[in-house]
Amino acid sequence: MVSEPALQDCPSQTCGAPAVRAASLGVVLDERPVLRELNLEIAPGELVALLGANGAGKSTLLRALSMLIAHEGRLELFGQEVTKDQPDLRRRIGLIAHQSMLYRDLSPRENLVFFGRLYGVDNPAGRADRLLGEIGLADRGDDPVRTLSRGMTQRVSIARALMHEPDLLLADEPFEGLDAPSTHSLQEWLARLAGAGRTVLFSTHDVGQGLALGRRMLVLRRGSLVVDQPTSALDGERILQELTTP
Amino acid sequence: MMRAIRTILLLAGKDLRIEARSRQTLALVIVLGLLIVVVLGLGLAAGQKTSPTAATAILWVAYLFGGVLCFEKTMGVERQDAALGALLLAPVDRGLIYVAKLVTNLVLMLGLAAVVTPAAVVLFDFDLSANPAGFFTVTLMGMVGFAAIGTLFSAVVSSTRLQGGLLAMVVFPLCLPLVVSSTQIMIRLFGEARPLTAHDVGLLGAFDAVYLVSSWLTFEKILEP
């Protein structure tokens with residue numbers, strides 16, 4: 001499994017700051033409020049599960065935290081307020097989205113090396129080879145992505161998000177399309193990342209998985225945060241109740 | 001500066017590698033360009049020699065329609081599987097993404113011209129040897145301005161549901177002054193056998209500068225994942 005290098009350097013005034021701090025965070029898409037007045041703080045090294053019914057705003061929250069879409073209110077990542085173009089902050093974020101975010105005519109190796117170079121990763125070819133080995137695709141590393149199965153593509157997508165060793169990993173339903181061994185590997189991987197001090201926020205529809213893997217759980221309902229508690233203080237029934245409340 | 005150039009080469013190299021792998025864009029664009037040249041050539045001057053005026057106009061029509069197809073295809077690659085999102089997540093200046101796309105589009109358009117122009121020369125008995133440097137200069141400068149606008153609007157159009165044809169409707173009117181100027185200069189070069197003047201180059205250069213700067217400044221504001 002992945003051996004985790006040290007976290008990226010941070011300016012002295014932001015060291016020790018929460019990985020994520022949101023105050024009255026809102027997102028409006030097509031003139032419709034999708035997230036409303038979210039207040040949230042996630043410490044470095046936390047492994048947080050995000051649940052919510054379809055359309056609750058999980059993907060939108062992850063996209064806002066990854067600086068891909070505009071937000072209202074105040075959002076800080078690693079102590080720096082998110083404004084507009086902050087390459088140093090972007091360098092510390094990794095996103096696994098619904099779509100693979102890969103170039104389907106390139107091979108997994110070419111995709112990983114390309115993104116590694118964009119992020120200024122040292123020895124991107126070596127890092128790509130190592131990650132391909134970790135995800136069990138070393139023998140398919142030179143085939144075009146379009147020839148891979150859904151699960152394999154998902155694994156490459158995960159490797160892409162980890163290529164530059166982000167301090168904050170945002171994962172939108174990362175287990176979707178994975179078979180049981182790959183799901184188990186990814187669970188171990190996420191736990192190890194958090195153990196190494198990296199912050200992981202993943203969304204899932206599986207309440208059991210969220211409770212088992214996450215140390216803390218957030219539940220969104222119609223764009224508002226209705227649960228924010230350690231998983232040890234929650235049970236499946238309570239979560240289901242929150243999810244099904246109209 | 002070197003870092004910016006390296007990033008542009010990395011991004012454009014990725015696009016060209018995808019094109020070399022899929023061979024979707026250039027083959028399609030060349031076929032379209034040849035069809036335009038043949039169909040318009042036969043329609044305008046069946047059984048008689050095509051005038052240099054008509055030949056240059058037909059060539060520009062082929063470049064323009066082929067160019068629009070290039071713009072759509074190269075931006076379409078970024079929309080497939082939301083790859084553009086990964087690009088926007090990366091610590092890369094969006095202006096560099098624009099320049100890289102522009103370089104890719106120009107390379108593909110020059111590839112189109114490299115095939116379609118000799119075909120027109122043969123088909124229309126078009127004597128390019130009268131001023132090959134002038135032809136190359138005007139074509140290249142015209143393409144730079146056209147690609148500058150086309151690259152910008154391909155990003156706009158690809159993020160809307162109104163694709164297929166909309167790009168041409170937006171880009172052609174905006175590029176009309178440049179295209180008319182380029183065609184007029186070509187007609188003077190080959191119809192009236194005049195040399196290319198500094199005024200001609202200055203005029204096309206001014207168009208290019210306006211299109212490039214305005215597109216580069218606008219691109220980062222309209223680019224959405």
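It should be noted that the structure appears before, not after, this text.
Residues numbered from 1 in each chain as written. Chains lettered and ligands numbered in written order. Predicted model: local features only at pLDDT ≥ 70, side-chain atom pairs only at ≥ 80, totals over all residues. Heavy atoms only, no water.

K.L.:
Which residues make up the side chain of asparagine 105 of chain B, and what values go with them?
P.N.:
Residue and element names in this part refer to chain B. Along the chain, asparagine 105 turns up in helix 5 (residues 94–124). With a relative accessible area of 0%, asparagine 105 lands in the buried category. Once residues within four sequence positions are removed from consideration, asparagine 105 is found in contact with Cys70, Phe71, Thr74 and Thr151. (Helix = DSSP H or I, 4+ residues; strand = E, 2+ residues; numbered from the N terminus. Buried < 20%, exposed > 50% of the residue type's maximum accessible area, 1.4 Å probe, protein only. Contact = heavy atoms within 4.5 Å.)

K.L.:
An account of helix 3 (residues 108–118) of chain A is needed here, citing residue identities and associated values.
P.N.:
Given 3.6 residues to a turn, an α-helix orients residues that are three or four positions apart in the same direction. The element helix 3 of chain A is extensively covered by neighbouring structure, given that 9 of its 11 residues are classed as buried. Along helix 3 of chain A, the residues that are buried comprise Pro108, Glu110, Asn111, Leu112, Val113, Phe114, Phe115, Gly116 and Leu118 of chain A. If you follow the buried residues of helix 3 of chain A, they end up packed against helix 4 (124–134) and helix 5 (150–162) of chain A together with helix 1 (2–22) and helix 4 (83–89) of chain B. Just beyond helix 3 of chain A, the residue with positive phi is glycine 120 of chain A, at close to 70 degrees.

K.L.:
Describe in detail the interface of chain B and chain A, supporting the description with residues and values.
P.N.:
Across the contact, 26 residues belong to chain B and 24 residues belong to chain A. Of the roughly 2,500 Å² buried between chain B and chain A on both sides combined, carbon and sulfur atoms contribute 60%. The three residues of chain B that bury the most area against chain A are Asp81, Leu89 and Pro91 of chain B, which together make up 30% of that side's buried surface. If you look at where chain B meets chain A, you find 3 salt bridges. Residues arginine 17 of chain B and glutamate 110 of chain A are paired through a salt bridge, measuring 3.3 Å at the closest nitrogen-oxygen approach. Linking chain B with chain A are 8 residue pairs in polar contact (both at pLDDT 80 or more). Secondary-structure elements contributing two or more residues to the side of chain B that touches chain A are helix 1, helix 3 (52–79) and helix 4 of chain B. In terms of residue count, the dominant contributor to the side of chain B that touches chain A is helix 1 of chain B (9 residues). For the side of chain B that touches chain A, the class distribution of residues is 14 nonpolar, 4 polar and 8 charged. (Buried area = accessible area lost by both parts, 1.4 Å probe. Salt bridge = Lys/Arg side-chain N within 4 Å of Asp/Glu carboxyl O. Polar contact = N/O pair within 3.5 Å; in protein donor to acceptor, adjacent residues only side chain to side chain. Nonpolar A, V, L, I, M, F, W, Y, C, P; charged D, E, K, R; others polar.)

K.L.:
Give me the lowdown on the pattern of salt bridges, citing residues and values where you can.
P.N.:
Under the defined criterion, the tally for this structure stands at 23 salt bridges over all chains. With its nearest N and O atoms 2.9 Å apart, the salt bridge here joins glutamate 76 of chain A to arginine 74 of chain A. The exposure class assigned to glutamate 76 of chain A is buried, which follows from its relative accessible area of 9%. For arginine 74 of chain A, a relative accessible area of 39% puts it in the partly exposed group. With its nearest N and O atoms 2.5 Å apart, the salt bridge here joins lysine 14 of chain B to glutamate 78 of chain B. Of this pair, lysine 14 of chain B sits in helix 1 while glutamate 78 of chain B sits in helix 3, and the two are 64 residues apart along the sequence. Classification of lysine 14 of chain B by relative accessible area gives buried; the value is 5%. In the salt-bridge network here, residues are joined through shared partners; they are Arg21, Glu41, Arg74, Glu76 and Glu81 of chain A.

K.L.:
Which residues make up the packing of helix 3 of chain B against helix 5 of chain B, and what values go with them?
P.N.:
Residue and element names in this part refer to chain B. Axis separation between helix 3 and helix 5 bottoms out at 9 Å; the angle between their running directions is 150 degrees. It follows from the interaxial angle that helix 3 and helix 5 lie roughly antiparallel. Handedness of the crossing formed by helix 3 with helix 5: right-handed. Between helix 3 and helix 5, the residues in contact are Ala55, Ile58, Leu59, Ala62, Tyr63, Gly66, Gly67, Cys70, Phe71, Thr74, Met75 and Glu78 and Lys101, Thr104, Asn105, Leu108, Met109, Leu112, Ala113, Val116, Thr117, Ala120 and Phe124, respectively. Per-class residue counts for the contact of helix 3 with helix 5 are 15 nonpolar, 6 polar and 2 charged. (Axes fitted to C-alpha atoms, helices over the stretch in contact; angles between N-to-C directions. Parallel < 35°, antiparallel > 145°, perpendicular 65-115°, else oblique. Left-handed = near helix turned anticlockwise from the far one by under 90°.)

K.L.:
Quick rundown of the sheet that holds strand 8 (residues 199–203) of chain A? Include the residues and the values.
P.N.:
Residues and elements named next belong to chain A. Read from one edge to the other, the open sheet built from 6 strands follows the order 6-7-8-3-9-10, with strand pairing classed as mixed. A strand with exactly one partner marks an edge of an open sheet, and here the two such strands are strand 6 (93–96) and strand 10 (224–230). Adjacent strand axes in the sheet meet at a mean angle of 15 degrees when their direction is disregarded. Here 4 bridges tie strand 6 to strand 7 (residues 168–172), and the two strands are oriented parallel to one another. (Pairing = 2+ DSSP bridges.)

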